[in-house]
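Next come the chains, spelled out residue by residue.
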Amino acid sequence: MQPFKLSPAFKDYLWGGSKLKTEYGKQTERSPLAESWELSAHADGPSIIASGPLQGMPFTQFVQTHPKEWSQTAAAGAAFPLMVKLIDAQKSLSIQVHPGDDYAQRVEGEPGKTEMWVILQAEPDAFLYYGFTHKITREEFAQHIQSNTLTQVLHKQPVKAGEVYFIPAGTIHAIGAGIVLAEIQQSSNSTYRVYDFGRLGADGKPRPLHLQKALDVTLRTPASNQAPGAGHPAGMAKFARRLASCPYFTVDEICLNGEMEDRINGEFLAFLCIEGTASLHCDTHTLQIAKGECVFVPASAPSFTVEGTARLLSVCQKE
């Protein structure tokens, strides 16, 4: 099967902006535009096949009917493991936490959510919250929530474009205002909101918090930003650097200025273009990849080449 493009699902959360439209080519009437789910087989927002003979098929349907095309070892009915998003945080997100696999499967009926961020743009004063400044007890955590002093014990990290942050499940975090990033994560939408700065939702009411669940799953310690596998040799070493490799995903950044050749190892490969343009050639098939576009290379695809001047994120389940 030949590679194909994907069309994203869009989310208009209240903290979003307009940069995904103006700078990453997203076409939607949703405003503000907070997220585009570029590679998603999640029921809350599946992407759509946008080229080739399967054009128009929801990606959820593709992974169900063609399991061997995303993993040659996938069992019938297996769930697609990953999501890839673009996120524009014109305003700060809520302070939140995601559960790990065991808790999420038991309580939410889906996997947990370990994720990583690649910062694409950041205003001069932009920052993230992730982890605590020091180890605290469950009781202290609850007290800080109740007294609206939670940010006093959270690690505040200034950010700039090009940086990578690895956020294991259980790590309390928030994306601050003025940041555009790419997110690679487990295929899960389980989010427990801890603190929302007193904001009101579209209905004029405070957005719900999930305090008991957050108390159950949050790691109440300082967080390390050491991405597992970062810096290890990437498969396309001439062009790529490894950003992270964990049990859930492997991500490389490819700085392409010319042509590279690659092959599939029985697992899917996805490319998200974050800068420039490229062409993917597979047999007689060619796909043009522009900034903001995502291409899915099936597990059965033959060897292929990518050429152009571009920065690409290469995403797969296994190295």
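Residues numbered from 1 in each chain as written. Predicted model: local features only at pLDDT ≥ 70, side-chain atom pairs only at ≥ 80, totals over all residues. Heavy atoms only, no water.

*Asks:* Please clarify how the pairing of strand β19 (residues 304-316) should be interpreted in this entry.
*Replies:* The two faces of a sheet get side chains in turn, since along a regular strand they alternate between them. Bridging between strand β15 (residues 250-262) and β19 involves 13 bridges; their strand directions are antiparallel. Note on β19: the bridge partner recorded for Glu259 is Glu307. Two strands pair when backbone bridges link them, and strand β16 (residues 269-282) and β19 are joined in this way by eleven bridges, in the antiparallel orientation. Pairing of Ser279 across the sheet is with Glu307, part of β19. (Pairing = 2+ DSSP bridges. Helix = DSSP H or I, 4+ residues; strand = E, 2+ residues; numbered from the N terminus.)

*Asks:* Hey, could you run me through the state of the cysteines in this one?
*Replies:* Here, disulfide denotes a covalent bond that connects the sulfur atoms of two cysteines. Overall, the coordinates contain zero disulfides when judged by the stated rule. Cys294 provides the cysteine sulfur closest to Cys273, a residue in no disulfide bond, and the two sulfurs are 10 Å apart. (Disulfide = S-S within 2.5 Å.)

*Asks:* Explanation requested: the pattern of salt bridges in the structure shown.
*Replies:* Proximity of charged atoms lets side chains of opposite charge pair with each other. Following the criterion strictly, the structure yields 16 salt bridges and no others. In this structure, Arg199 and Asp196 form a salt bridge, with 2.9 Å as the shortest nitrogen-oxygen distance. Both residues of the pair, Arg199 and Asp196, count as buried. Connected through shared salt-bridge partners, Glu35, Lys85, Lys113, Glu115 and Glu183 make up one network. (Salt bridge = Lys/Arg side-chain N within 4 Å of Asp/Glu carboxyl O. Buried < 20%, exposed > 50% of the residue type's maximum accessible area, 1.4 Å probe, protein only.)

*Asks:* Is there a simple way to think about the pairing of strand β17 (residues 285-289) in this case?
*Replies:* Looking at chain direction, β16 and β17 are connected through five bridges and run antiparallel. In the sheet register, Ser279 faces β17, and the bridge partner there is Gln288. Taking the residues between adjacent antiparallel strands as the criterion, β16 and β17 are bridged by two residues, where Asp283 takes a positive phi near 55°.

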